[in-house]
Every structure is written in structure tokens, then in C-alpha cells.
Amino acid sequence: MSEYAHLVALEVGSLVKLVAGGVHVFRVVEVDVDGDPDLGLVEYVEETPGTYPFIARLSRLVPTDE
């Protein structure tokens, strides 16, 4: 069994929050960053000045339907 078998299957396009009960919604734009299946590139879903994609641990993100 893979070390990351417990992860929710997040894929490119999945909508997530950084924490449970979070207000802001982010979109996964890349998975398996630098060969690490637990790293993903996420970006804020609303277009606002000064936002940029950043790397986050997929295992810590909370899937959302928003």
C-alpha cells in the first residue's frame, strides 16, 4: 500500500479550502509537484489583483463543492 493511499483523490480542477470551515476556495492546478504525490499547486478561484498560485500539501486540503 502506498504511503499516500489515505489521501482524498484530488485532481487538477478540484475545489478545496485550506482548512475545514475555511472561507476562501482554491482550485488545484497541478498535482505531483516535484515528483511528490502529496504536493500540489493551488490558486484562488476568484480573479483578484495580487493573487498567485502556491504549493500546498494535498493531504491537508479540504475538498469542497462550492
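Below or above, wherever it landed, is the structure these notes cover. It should be emphasised that the depicted structure is a prediction, and the values quoted were computed from it without experimental measurement. (Residues numbered from 1 in each chain as written. Predicted model: local features only at pLDDT ≥ 70, side-chain atom pairs only at ≥ 80, totals over all residues. Heavy atoms only, no water.)

**Observations concerning the packing of aromatic side chains**
Line of reasoning, step 1. The full count for this structure, using the stated rule, is 2 aromatic pairs.
Line of reasoning, step 2. Ring plane angle 55° and centroid distance 5.6 Å describe the contact between Phe 26 and Tyr 44, whose orientation is recorded as tilted. With Phe 26 in strand 2 (residues 26-31) and Tyr 44 in strand 3 (residues 39-44), this residue pair connects regions lying 18 residues apart in the sequence.
Line of reasoning, step 3. For Phe 26, a relative accessible area of 11% puts it in the buried group.
Line of reasoning, step 4. A ring pair is formed by Phe 26 and Phe 54, whose centres lie 5.7 Å apart and whose planes are at 85°; its orientation type is edge-to-face. Of this pair, Phe 26 sits in strand 2 while Phe 54 sits in strand 4 (residues 54-57); the two residues are 28 residues apart in sequence, bridging distant segments of the chain.
Line of reasoning, step 5. The class of Phe 54 is partly exposed, set by a relative accessible area of 26%.
Line of reasoning, step 6. Following the ring pairs from residue to residue traces out a cluster consisting of Phe 26, Tyr 44 and Phe 54. (Phe/Tyr/Trp six-rings, centres within 6.5 Å; stacked < 30°, edge-to-face > 60°. Helix = DSSP H or I, 4+ residues; strand = E, 2+ residues; numbered from the N terminus. Buried < 20%, exposed > 50% of the residue type's maximum accessible area, 1.4 Å probe, protein only.)

**Side note on the sheet that holds strand 3**
Line of reasoning, step 1. Taken in spatial order, the 5 strands line up as 4-3-2-1-5 in an open sheet, and their pairing is antiparallel. Looking at the sheet topology across the chains shown, the edges are occupied by strand 4 and strand 5 (62-63).
Line of reasoning, step 2. Where strand 1 (residues 15-17) meets strand 5, 2 bridges bridge the pair, whose relative direction is antiparallel. Bridging from a neighbouring strand, Lys 17 pairs with Val 62 of strand 5. (Pairing = 2+ DSSP bridges.)

**Observations regarding unusual backbone geometry**
Line of reasoning, step 1. Of note in this structure, Asp 32 is not a glycine but carries a positive phi near 65°.
Line of reasoning, step 2. Note that Asp 32 resides in the loop between strand 2 and strand 3.
Line of reasoning, step 3. The class of Asp 32 is partly exposed, set by a relative accessible area of 41%.
Line of reasoning, step 4. Unlike most non-glycine residues, Asp 34 shows phi in positive territory, near 55°.
Line of reasoning, step 5. Along the chain, Asp 34 falls in the loop between strand 2 and strand 3.
Line of reasoning, step 6. For Asp 34, a relative accessible area of 74% translates into the label exposed.

Purely spatial values, then, with no claim about function.
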